[in-house]
Structures are given as C-alpha cells and as structure tokens.
Amino acid sequence: MPLDTSYAVQRLMTDVPRTLKPKHVQLLVNASYDTPMSQLFNQLHPALNSGNWVIVFKALSLIHLLSRQGNSDRVLGYLAGNKEILSMEYFRDRSGHPMGSFQSKNIAAYANYLSVKTDIYRKTKSDFVANREEHQVMLKTSESAPELILKCEQLQTLIEAACKCNWEREDLDHIVVRQAYRLMLADMMALFQLMNEGVVAVLGLYFLMPRPDALKALSVYKTFAVQAKKAVDVFNQGRKMKHELGMDIPSFSHPPLELANSLEAYVNAPDFEQQREAYAKKKGKKTNGFFDNPSKKTERVEKVEKDKPLIDFFDSLDTQVDQFRNEPAPAFNAFWDPNSEAYSPHSNGNPFNTADIIQQQQQLELQMQETNRMLQQQ
C-alpha cells in the first residue's frame, strides 16, 4: 500500500492542467480507511508546499475529495490535530503563470473553507456534508432550541466561508480551478439544504422559546436572510456553467426572508411572556416553568386569547415554513473526468421545493403589517 499511495499522489500532483484522475483518487479514497493518515499527508506535503498554484489547488481538491468520499472522520480528525496543513493565507505563486496572482487569493479562500470545515468537525466530531442525512434527521426531529440554534450557527459559519469561494468567472476558465469550484458548489448545496431545515426548525419553536433563546434565534434568522442572497449568487453562477461543470444546479426556494421585523417586534413586546404562553396553550405545549405565578396565569391567558389575529399569524407562519421542507439533493459524481465523459443534463429530481412563493410572501407581508400594528397598540 505505501508504494501504491505514493505513486498515486505523485501522478496526481503535477502542474499539468487536467482534473484529478479518478483511478488514482479512488485508490487514495480506499486508503483513507486503513492507511495511517500521517503517511498520506506526508506524501502530500511537497504538493501543499509547492510554489506552483496549480499543484497546490490540486492538493487542496484532493483533501476535499477525501473528506467527502473517503473516511471523513479519519481525514478531518487528522487535519483537526494538524491545523498548519491548511494554512495558506501567505501563499504566493512562484510559477510565473499569468493567473498566479489571482489564483493565490482563491487558494487562500479555498484553504480557509477547508480549515473552517475542519474546525467545525473538531467541535462536533461529525461533518455536515459527509454525514448530511444524520444531521438532517436531527434538524427535523430535535425540539431543543439551544441545540438547533448551535447547529444553525455552525452551518452559517461554514456557509460564510464557502460563499467566499464564489470565484470570478474568468478564474474558472482553468480546469483545475473548475474542479475545486465544482466540489465547493456540491458542498454549498448540501449546507444550504441543511440550513433551510435548520431555519424551519428554529422558526417552528420560536414562539415557545424563552426570550434569551428567541433573541439568539432572531440573530440566526437575520444571518440566514443575508446568506440566502449570497447563496443565490453562488448558485446562479454555477447554473450558468452547468455544462462546463458537469452538474445540475437546481432552482430552489427557502423560508421567507422578510419576517425579521415581526419576529423582532414579538420578542421585544412588553407582553412577550403572555403571547408565548397563549401560543403554547394553543399548541398544547409547555413553556418550561413559565407559570411561576399561578394566581396570574388565568388572567394572562384570557387577555392574550382575545388577540386572535396574532395567534392566527403564528399559525400562518407555521404553515408557511412547513412548505419549505427540502427533498434530498441529487447524486453528485465527485470523480469527475471531463476528458473521458461528456456531460449530458440529467434529471434526478429537484432537491429544493420550487413552488412559486411570491404570492405567499405578499400575503405574509400583510399579516406581518397587521401584527406590527397590533403590537404597537398594546
């Protein structure tokens, strides 16, 4: 095995402008399950420290592939204990290639994303992309607001780093950069799908949360609204390059982005606890010790039950966000070789709900305006 892995790395880490050859990548993917990680990364060390941007890009892409297709726990676990491997902020191309200076910046962004990915793994012992289904189940079933909020914050840290890899169109003319970008897009689709699930779950519990958790959830939602627009830009560029990339970038929808004002008005309302209790009573839920003064419980509930339109808004929001549960993403062929396989568009189903949400958002906006009016009157 040592000779085989060394030969595979040697064959892959050249400055020839072509994608990583699948047969060599597959050998290293298999080796990631039983070969000492120190051995594999020692063999990659010269490439990672090369002054040629093409070779460095290939080395980072190989690490990315191993974390996706190989034993992600072993690969990311080793990187988590050796963070200097992905330190590329000071990389400068010395190949003399005309694209070298631009690609140096792209390498720094790509290495940073992989480093953030590794750091999140160090904290969670699980990769959001490699273990997507496991995280999806957790986001759909958990009723712990702190747990959901933490997962969303970790996803947003990853998405922010990934969005910085939305490289300029002219930089993507080089096949080696295109392969890395292709892997980034696949990660972005998986992460954004999970982020959608997370926001749906957080909004589903929002009106049951105590104020400290609700404030954190509001921050998550505001960040999501900003990142969703960045994700649209990333996916739009990828969709324009579907033939060059050999992959479909589906259209998608996401939970409504215009709720921040109403969510903020609710959490800052003087009668926040009364509204929260009324919503919990309607849903048959407990508010974890909220009824600390039994003598006032009936009075508070009766007062809030008069505000039927506000509770109707809560119910409407529940219905709205439930419509944005996403289906699994289509299969992604990580072992891409455009030299031996022509791309033909294929339909594996849309991983996102593509219903037209414009009319729904308009209706929701009217409901939010009414809610704000009612809150101001109280």
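Each value, and the rule that gives it
Residues numbered from 1 in each chain as written. Predicted model: local features only at pLDDT ≥ 70, side-chain atom pairs only at ≥ 80, totals over all residues. Heavy atoms only, no water. Helix = DSSP H or I, 4+ residues; strand = E, 2+ residues; numbered from the N terminus. Buried < 20%, exposed > 50% of the residue type's maximum accessible area, 1.4 Å probe, protein only. Contact = heavy atoms within 4.5 Å. Areas by Shrake-Rupley, 256 points an atom, 1.4 Å probe, with all protein chains shown as cover. Phe/Tyr/Trp six-rings, centres within 6.5 Å; stacked < 30°, edge-to-face > 60°. pLDDT = per-residue confidence, 0-100. Salt bridge = Lys/Arg side-chain N within 4 Å of Asp/Glu carboxyl O. Core = buried A, V, L, I, M, F, W, Y, C linked by side-chain atoms within 4.5 Å. Arc of directions from axis to C-beta. Axes fitted to C-alpha atoms, helices over the stretch in contact; angles between N-to-C directions. Parallel < 35°, antiparallel > 145°, perpendicular 65-115°, else oblique. Left-handed = near helix turned anticlockwise from the far one by under 90°. Disulfide = S-S within 2.5 Å. Nonpolar A, V, L, I, M, F, W, Y, C, P; charged D, E, K, R; others polar.

### With respect to the overall build of the chain
And step 1. Of the regular secondary structure elements, the chain holds 16 helices and zero strands.
And step 2. Out of the 378 residues belonging to the chain, those deemed buried represent 54%.
And step 3. A sequence separation of at least 24 residues applies to 80% of the contacts in the chain between residues at least 6 apart.
And step 4. As presented, the chain carries roughly 17,400 Å² of accessible surface, and 49% of it is formed by carbon and sulfur atoms.

### Some remarks on the packing of aromatic side chains
And step 1. Counted according to the given criterion, the structure contains 13 aromatic pairs.
And step 2. When the centroid spacing of 6.2 Å and the interplanar angle of 80° are considered together, the rings of Trp53 and Phe57 count as edge-to-face. One end of the pair is Trp53 and the other is Phe57, both in helix 4 (residues 53-69) and four residues apart, which spans about a single turn.
And step 3. Residue class for Trp53 comes out buried when judged on its relative accessible area of 0%.
And step 4. Note on Phe57 and Trp167: the rings are 5.5 Å apart at their centroids and 80° apart in plane angle, and the pair reads as edge-to-face. Remark: Trp167 occurs in the loop between helix 8 (145-163) and helix 9 (175-205) and Phe57 occurs in helix 4; sequence separation between them is 110 residues. For the pair shown, Phe57 and Trp167 are each scored as buried.
And step 5. Three or more aromatic residues joined by ring pairs form one cluster here, namely Trp53, Phe57, Tyr110, Trp167 and Tyr181.

### Notes on the environment of Tyr113
And step 1. With respect to the helices, strands and loops of the structure, Tyr113 is situated in helix 6 (residues 100-124).
And step 2. Counting along the chain gives 47 residues from Tyr113 to Glu160, while the straight-line C-alpha distance between them is 8.7 Å.
And step 3. Sequence-distant contacts of Tyr113, defined by excluding residues within four places in its chain, comprise His64, Leu158, Ala161, Ala162, Cys165, Met184, Asp187 and Leu191.

### What to know about the side chain of Gln237
And step 1. Structurally, Gln237 is set in helix 10 (residues 211-240).
And step 2. Take Gln237: its relative accessible area is 16%, and that puts it in the buried class.

### Examining the confidence of the model for the chain
And step 1. Summing up the model confidence of the chain, the mean pLDDT is 81 and the portion of residues at 70 or higher is 73%.
And step 2. Confidence drops under pLDDT 50 across residues 289-313; counting only partners more than four residues distant or on other chains, this segment forms 37 contacts.
And step 3. Every residue in residues 341-365 is under pLDDT 50, and counting partners more than four places away or in other chains gives 52 contacts.

### Some thoughts on the pattern of salt bridges
And step 1. For the structure shown, the criterion picks out 12 salt bridges.
And step 2. Close ionic contact of Lys242 with Asp248 constitutes a salt bridge, the shortest N to O distance being 3.4 Å.
And step 3. Within the structure, one salt-bridge network assembled from shared partners comprises Arg68, Lys117, Asp127 and Asp187.

### Description of the nonpolar core
The tendency in soluble globular proteins is for nonpolar side chains to be buried side by side.
And step 1. Among the nonpolar cores identified, the biggest contains 107 residues, and Met13, Leu44, Trp167 and Tyr206 are the most heavily contacted of them.
And step 2. When residues of this core are assigned to their parent elements, the largest contribution, 21 residues, is made by helix 9.
And step 3. Apart from residues no more than four positions distant in its own chain, Met13 is found in contact with Leu20, Leu44, Ala47, Ile55, Lys58, Ala59 and Leu62.

### Quick look at helix 2 (residues 22-31)
And step 1. Among all positions in helix 2, only His24, Val25, Leu28, Val29 and Ala31 are buried. Buried positions in helix 2, seen along its axis, are confined to an arc of 160° and lie on one side of it.

### Notes on the packing of helix 8 against helix 9
And step 1. For the pair helix 8 and helix 9, the least separation of the axes is 9 Å and the interaxial angle reads 150°. What the angle tells us is that helix 8 and helix 9 run roughly antiparallel. For the crossing formed where helix 8 meets helix 9, the hand is left-handed. Where helix 8 approaches helix 9, its residues Ala145, Leu148, Cys152, Leu155, Gln156, Leu158, Ile159, Ala162 and Cys163 are matched on the opposing element by Met184, Met188, Leu191, Phe192, Leu194, Met195, Gly198, Val199, Ala201, Val202 and Leu205.

### Considerations on the state of the cysteines
And step 1. A full pass over the atoms with the stated rule returns zero disulfides.
And step 2. Here Cys163 stays unpaired: no disulfide links it, and the sulfur of Cys165, its closest cysteine neighbor, is 9.1 Å away.

### Considerations on the packing of helix 5 (residues 72-80) against helix 6
And step 1. Where helix 5 meets helix 6, the axes come as close as 9 Å, and the angle between the chain directions of the two elements is 100°. By the angle between their directions, the pair helix 5 and helix 6 is classed as roughly perpendicular. Only Thr118, Tyr121 and Arg122 of helix 6 make contact with helix 5, whose side of the interface consists of Asp73, Leu76, Gly77, Leu79 and Ala80.
And step 2. Split by residue class, the contact of helix 5 with helix 6 holds four nonpolar, two polar and two charged.

### Some points on unusual backbone geometry
And step 1. With phi around 60°, Lys125 is a residue other than glycine that occupies positive phi space.
And step 2. In this structure, Lys125 sits in the loop between helix 6 and helix 7 (132-141).

### Let's talk about the environment of Glu264
And step 1. With respect to the helices and strands, the residue Glu264 is situated in helix 12 (residues 260-268).
And step 2. We classify Glu264 as partly exposed; its relative accessible area is 29%.
And step 3. Along the backbone, Glu264 and Leu218 are 46 residues apart, and their C-alpha atoms lie at a distance of 7.0 Å.
And step 4. Other than its neighbours up to four places away in sequence, Glu264 contacts Tyr206, Leu218 and Lys222.

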